[in-house]
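Single-letter residue listing:
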Amino acid sequence: MAVMTFSARPLLNRRLAEFGTTIFAEMSALALSTGSINLGQGFPDTDGPREIRDAAARALTEGRGNQYPPGLGVPELRTAVAAHQQRRYGLSYDPDTEVLVTAGATEAVAAALLALVEPGDEVVAFEPYYDSYAACIAMAGGTRVPVTLRPHEGVFRLDLDELRDAVTDHTRLLLINTPHNPTGTVLTREELTEIARLAVERDLIVVTDEVYEHLVFDGAEHLPLASFPGMRERTVSISSAGKTFSFTGWKVGWVTASPALVAAVRSAKQYLTYVASGPFQYAVAEALALPDAYFEEFRADMRAKRDLLSAGLADAGFGVFRPAGTYFVTTDIRPLGETDGFAFCRSLPERAGVVAIPNAVFYDHREEGAPFVRFAFCKRTEVLAEAVQRLRQAFAG
Ligand code: PMP
Ligand code: GLN
């Protein structure tokens with residue numbers, strides 16, 4: 001009898017073939033196996049507020065959220081999200097029809113793209129882009145159209161003419177991210193005004209990932225795209241508790257949008273996870289209601305860490321792009337005589353006992369991103385100080 005052999009066809013389908021293991025998993029594993037300081041994957045090394053952890057524990061032991069929560073998310077969290085948007089930005093959302101709780105911002109992005117993109121539609125997004133964007137556009141059958149942010153006088157800038165030129169009759173949506181991972185760029189009022197004008201003129205949907213909304217520094221201000229003229233009804237705004245409250249493992253995110261857009265995103269979301277993170281949803285509702293002092297202290301703490309790491313990297317010889325937002329600093333390795341960020345990051349554990357992320361993974365035009373390397377500064381001060389000392393020793397002798 002003939003023995004049936006397992007299919008010779010590649011297992012991973014064509015849409016996903018180009019996406020291997022995420023760089024974050026690869027680099028965190030490298031940090032572990034080499035005992036290096038992990039400034040790669042963006043997660044804090046201290047947990048968020050004690051009272052919010054207590055709130056999660058209380059919900060769990062009191063039996064709130066241990067069974068499937070409602071599909072839209074628990075009412076307490078939807079109300080808290082709506083109150084946050086009102087208090088911070090003067091944006092009104094109806095918690096019953098205009099807020100959707102998701103399994104982190106990751107699921108919100110995935111559900112929005114799967115719901116709104118028709119196969120063949122073009123999705124315009126900034127390059128370098130957060131890695132899940134490219135994979136989710138591919139899963140939705142869309143075509144990604146990158147608009148490259150380029151270094152200019154120490155920051156990565158958007159070229160509005162390039163953005164305008166990237167929009168065609170096949171463009172369905174703009175996928176915006178501000179504050180921007182990995183460059184730390186925060187879009188200005190003028191840039192956002194132009195993006196809004198373009199979206200209205202070309203009748204585009206805008207999906208905007210604002211997970212770093214509370215992490216802006218110096219004079220920069222986070223302005224939600226939904227607050228610009230003509231944007232309220234065409235914008236899917238996404239945020240998450242992971243970065244703002246230092247609970248990246250809880251995976252609580254949310255969408256705010258018009259009833260029609262929320263209904264569309266929910267159609268996809270209900271077949272991804274249906275619901276997630278029951279008890280944590282109650283705790284995040286309390287976190288969103290924390291007094292302004294929490295958000296101010298969090299920002300001040302991260303600003304000090306940004307300054308410490310940026311100064312240390314500059315001392316070690318890196319070119320430093322000072323971020324106006326997020327908790328990442330992008331560097332240029334060419335002043336160190338290096339040109340290949342991938343090779344550099346793979347050798348960094350051995351040379352300095354530190355792990356970082358090669359920005360090239362966030363580019364379609366890999367050569368554009370080759371000399372840039374991202375370091376995360378959401379770590380304890382002593383950890384950053386040790387990393388800086390190691391980098392100085394390795395590169396500045
Ligand atoms: N978008 C951006 C720009 C991010 O940096 C991240 C990582 N926090 C996410 C989305 C994913 O967020 P979450 O962990 O809430 O899924
Ligand atoms: N958002 C985090 C980063 O950019 C990583 C999240 C993840 O590992 N998927 O580093």
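This structure is a prediction, so every number in the text was calculated from the model and none was measured. (Residues numbered from 1 in each chain as written. Chains lettered and ligands numbered in written order. Predicted model: local features only at pLDDT ≥ 70, side-chain atom pairs only at ≥ 80, totals over all residues. Heavy atoms only, no water.)

Undergrad: Mind showing me how you'd approach the sheet that holds strand E11 (residues 319-321) here?
TA: The strands making up a sheet associate through backbone hydrogen bonding, with each pair oriented either parallel or antiparallel. The four strands are arranged E11-E12-E15-E14 in an open sheet whose pairing can be described as antiparallel. Strand pairing shows two members of the sheet lacking a second neighbour, E11 and strand E14 (357-358), which therefore form its edges. Across five bridges, strand E12 (residues 328-332) lies against strand E15 (residues 372-376) in antiparallel orientation. Following the sheet pairing, Val329 is matched in E15 by Phe375. (Pairing = 2+ DSSP bridges. Helix = DSSP H or I, 4+ residues; strand = E, 2+ residues; numbered from the N terminus.)

Undergrad: Help me out: how do you make sense of helix H3 (residues 75-89) in this one?
TA: Along an α-helix, residues three or four apart share an orientation, since each turn contains 3.6 residues. In this model H3 runs 21 Å from its N-terminal to its C-terminal C-alpha over 15 residues, within 8% of the 21 Å that 1.5 Å per residue would give. By the burial criterion, the buried members of H3 are Leu77, Arg78, Ala80, Val81, Ala82, His84, Gln85 and Tyr89. Check the buried side of H3 and you find it contacts strand E2 (99-102), strand E10 (253-256) and helix H10 (278-288). (Expected span 1.5 Å × (residues − 1). Buried < 20%, exposed > 50% of the residue type's maximum accessible area, 1.4 Å probe, protein only. Contact = heavy atoms within 4.5 Å.)

Undergrad: Quick question: what am I supposed to make of helix H11 (residues 292-316) here?
TA: In this model, H11 (25 residues) spans 36 Å end to end at C-alpha, consistent with the 36 Å of a helix rising 1.5 Å per residue. Buried within H11 are the following residues: Tyr294, Phe295, Phe298, Arg299, Met302, Lys305, Arg306, Leu309, Ser310, Gly312, Leu313 and Ala316. Taken from the residues just after H11, Gly317 is the one with a positive phi, measuring 110°.

Undergrad: What is the right way to read the packing of helix H4 (residues 104-116) against helix H5 (residues 131-139) from this model?
TA: Helix-helix packing is characterised by the crossing angle of the two axes and by the distance between the axes. Packing of H4 against H5 leaves a shortest axis separation of 9 Å and a crossing angle of 30°. On the basis of their axis angle, the class for H4 and H5 is roughly parallel. Crossing hand, H4 versus H5: right-handed. When H4 is examined against H5, the residues Thr106, Val109, Ala110, Leu113 and Leu114 are found in contact with a partner set consisting of Ser132, Tyr133, Cys136, Ile137 and Met139. Considering only residue class, the contact of H4 with H5 consists of eight nonpolar, two polar and no charged. (Axes fitted to C-alpha atoms, helices over the stretch in contact; angles between N-to-C directions. Parallel < 35°, antiparallel > 145°, perpendicular 65-115°, else oblique. Left-handed = near helix turned anticlockwise from the far one by under 90°. Nonpolar A, V, L, I, M, F, W, Y, C, P; charged D, E, K, R; others polar.)

Undergrad: Would you explain the pattern of salt bridges in this entry?
TA: Where charged atoms of side chains with opposite charge meet at close range, the side chains can pair. Inspection of every chain in the model, using the stated rule, returns 29 salt bridges. Residue Arg202 is joined to Asp169 by a salt bridge in which the shortest nitrogen-to-oxygen separation is 3.4 Å. You can see Arg202 sitting in the loop between helix H7 (189-201) and strand E8 (205-209) and its partner Asp169 sitting in the loop between helix H6 (160-166) and strand E7 (171-177), a full 33 residues away along the chain. Under the relative-accessibility criterion, Arg202 is labelled partly exposed at 31%. A single network of salt bridges, built from pairs that share partners, joins Arg164, Glu194, Arg197 and Glu201. (Salt bridge = Lys/Arg side-chain N within 4 Å of Asp/Glu carboxyl O.)

Undergrad: What am I meant to see in a nonpolar patch on the surface here?
TA: Together, Leu114, Met139 and Leu272 make up an exposed nonpolar region whose accessible area comes to about 240 Å². Along the chain, Leu272 falls in the loop between helix H9 (259-269) and H10. (Patch = residues over 30% accessible without salt bridge, like charges linked within 9 Å, V, L, I, M, F, W, Y side chains within 5 Å. Areas by Shrake-Rupley, 256 points an atom, 1.4 Å probe, with all protein chains shown as cover.)

Undergrad: I'm lost on the packing of aromatic side chains in this one. Help?
TA: Centre distance and the angle of the planes are the two values used to describe a pair of aromatic rings. Summed over the entire model, instances satisfying the criterion amount to 21 aromatic pairs. Residues Tyr68 and Tyr274 carry aromatic rings whose centres are separated by 6.0 Å and whose planes lie at 75° to one another, so their mutual orientation is edge-to-face. A residue pair is termed long-range when its members are at least 10 positions apart, and Tyr68 in the loop between helix H2 (50-61) and H3 and Tyr274 in the loop between H9 and H10 qualify at 206 residues. For Tyr68, a relative accessible area of 72% corresponds to the exposed category. Between Phe318 and Phe344, the ring centres sit 5.9 Å apart and the planes meet at 80°, which makes this aromatic pair edge-to-face. Linking Phe318 in the loop between H11 and E11 with Phe344 in helix H12 (residues 341-352), this pair joins segments that are 26 residues apart in sequence. Ring pairs connect the aromatic residues Phe24, Tyr130, Tyr133 and Phe362, which therefore count as one cluster. Here Arg64 stacks its cationic end above the ring of Tyr282, 5.1 Å away from the centre of that ring. A cation over an aromatic ring shows up here: Arg88 above the ring of Phe295, its NZ or CZ 4.6 Å from the ring centre. (Phe/Tyr/Trp six-rings, centres within 6.5 Å; stacked < 30°, edge-to-face > 60°. Lys NZ or Arg CZ within 6 Å of the ring centre and 35° of its normal.)

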